[in-house]
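Breakdown of the fold
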Amino acid sequence: MGNPRILAIPYPAQGHVIPLMELSHRLVHHGFSVTFVNTDFNHKRVRDAFGNKVEGDGSIHLVSIPDGMESGEDRNHFGKLTDGITFVMPSELRKLLKKINGFEDDKISCVIADVNMGWALDIAAEFEIPGVAFWPASAFLLALLFSANKLIDDQIIDEHGVITSRAEPEPGQVRLGLETLPNSKF
């Protein structure tokens, strides 16, 4: 039996692929092997960007599955990309897990899925594989998203995410410059 094997699946955008690839390298350093699942479209791009740093020692294995979009379609249209992903990738991931877990000594120990690919965790559960959601952005942004309801309750922002006041911090707290946050929905 080899090293514990992780299956990592990022949302197919640069700001999601790179952080999960960095985590994968750190996991390899700690004795794991990683199967890194890209979309067919991103597979060559990742291979070109990372070269031998990825599969050089065999600890990170790059595989790809279809994203549900045609070859000429604009993958910067995230609504359409997400629709394609949701429709096609779950069945493709099931096929991949069946194939990998068909080898007795090389089963997936854990699935790490980008938080935007949460459906992959449901599929991992179908195979009785533990799953972990990966947040590729800053901890501050995650904390801000989790705090949106409190910010609304405290009338710092309205229900549309627009700043409504400049509340003073309590003693011992650091004042955040809310005026620098984007005026968008949280």
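Residues numbered from 1 in each chain as written. Predicted model: local features only at pLDDT ≥ 70, side-chain atom pairs only at ≥ 80, totals over all residues. Heavy atoms only, no water.

1. A word on the pairing of strand β4 (residues 108–114)
As a reminder of what qualifies: The rule is simple: take the accessible area with a 1.4 Å probe, protein chains only, and divide by the maximum for that residue type; under 20% is buried, over 50% is exposed, in between is partly exposed. Each helix is a run of H or I in the DSSP string that is no shorter than four residues. Each strand is a run of E no shorter than two, and both are numbered from the N terminus. At least two DSSP bridges between two strands are needed for those strands to be called paired. Clockwise travel from the first strand over the helix to the second, with the strands pointing away from the viewer, marks a crossover as right-handed.
Across the seven residues that make up β4, a large majority, six, are buried. With five bridges joining them, strand β1 (residues 5–9) and β4 adopt parallel strand pairing. Bridging across to β4, Ile9 finds its partner in Ala113. Crossover connection from β4 via helix α5 (residues 119–126) to parallel strand β5 (residues 131–134): handedness right-handed.

2. Observations concerning the environment of Ser91
Selection rule: By the criterion applied in these results, polar contacts are pairs of N or O atoms within 3.5 Å in which, for protein atoms, one can donate a hydrogen and the other can accept it, and in which residues neighboring in sequence qualify only through two side-chain atoms.
The residue Ser91 is located in helix α4 (residues 78–101) in this model. Each C-alpha atom of the pair Ser91 and Ile123 lies 9.1 Å from the other, and the pair is 32 residues apart in sequence. In this structure the side chain of Ser91 is engaged in a polar contact, spanning 3.1 Å, whose partner is the backbone oxygen of Val88.

3. Considering the nonpolar core
Note the following rule: In this description, a nonpolar core means a group of buried Ala, Val, Leu, Ile, Met, Phe, Trp, Tyr and Cys residues linked to one another through side-chain atoms lying within 4.5 Å. What makes two residues a contact is simply this: any of their non-hydrogen atoms within 4.5 Å.
Grouped together as the largest cluster of nonpolar side chains are 22 residues, with contacts concentrated most on Leu7, Ile9, Leu93 and Trp119. Those elements that place two or more of their residues in this core are β1, β3 (60–65), α4, β4 and α5. The dominant element in this core, judged by the number of residues it contributes, is α4, at six residues. When residues no more than four places from it in sequence are discounted, the contact partners of Ile9 are Leu20, Val37, Met89, Leu93, Ile112, Ala113, Asp114, Met117, Trp119 and Ala120. Among the nonpolar cores identified, the runner-up in size contains 15 residues, and Val17, Val28, Ile60 and Ile112 belong to it.

4. Observations regarding the sheet that holds β4
One key point about sheets: their strands pair by backbone hydrogen bonds, in either a parallel or an antiparallel sense. Just so we agree on the cut-off: For helices, the axis comes from a line fit to the C-alpha atoms of the stretch in contact; other axes are also lines fit to C-alpha atoms, and the angle between any two N-to-C directions lies between 0 and 180 degrees.
Spatial ordering of the open sheet is given by β3-β2-β1-β4-β5, a layout of five strands whose pairing is parallel. A single partner strand is all that each edge strand has here, and the edge strands are β3 and β5. If you compare each strand with its neighbour and ignore which way they point, the axes differ by 25° on average. Relative to β4, α5 is tilted by about 165°, and along the sheet it contacts β1, β4 and β5.

5. Concerning unusual backbone geometry
The bulk of non-glycine residues show a negative phi, and the bulk of peptide bonds are trans. We note that Glu128 has phi near 60°; this positive angle belongs to a residue other than glycine. Inspection of the secondary structure puts Glu128 in the loop between α5 and β5.

6. Here's the deal with the confidence of the model for the chain
One rule of thumb: low pLDDT means the predicted coordinates there are not for detailed reading. Where we set the bar: For every residue, the predictor reports its confidence as pLDDT, a number between 0 and 100.
For the chain, per-residue confidence averages 80 on the pLDDT scale, and residues scoring 70 or more make up 77% of the total. β5 holds the highest mean pLDDT among the elements of the chain, 96, whereas helix α3 (residues 52–55) holds the lowest, 58.

7. Section: the side chain of His16
Relative to the helices and strands, His16 is located in helix α1 (residues 14–29). In this structure the side chain of His16 is engaged in a polar contact, spanning 2.8 Å, whose partner is the side chain of Asp114. His16 has contacts with Pro10, Tyr11, Asp114, Asn116 and Pro136, leaving out every residue within four places of it along the chain.

8. Points about the side chain of Thr35
Within the secondary structure, Thr35 sits in strand β2 (residues 33–39). Those residues in contact with Thr35 that sit more than four places away from it in its chain are Arg5, Ile6, Leu7, Ala8, His61, Val63, Ile100 and Ile108.

9. Digging into α1
Definition in use: In this analysis, the expected span of each helix is defined as 1.5 Å times one less than the number of residues it contains.
Taking 1.5 Å per residue, 16 residues should reach 22 Å; α1 reaches 23 Å between its end C-alpha atoms and fits that length. Every buried residue of α1 is listed here: His16, Val17, Pro19, Leu20, Met21, Ser24, Leu27 and Val28. Of the residues trailing α1, Gly31 is marked for its positive phi of about 100°.

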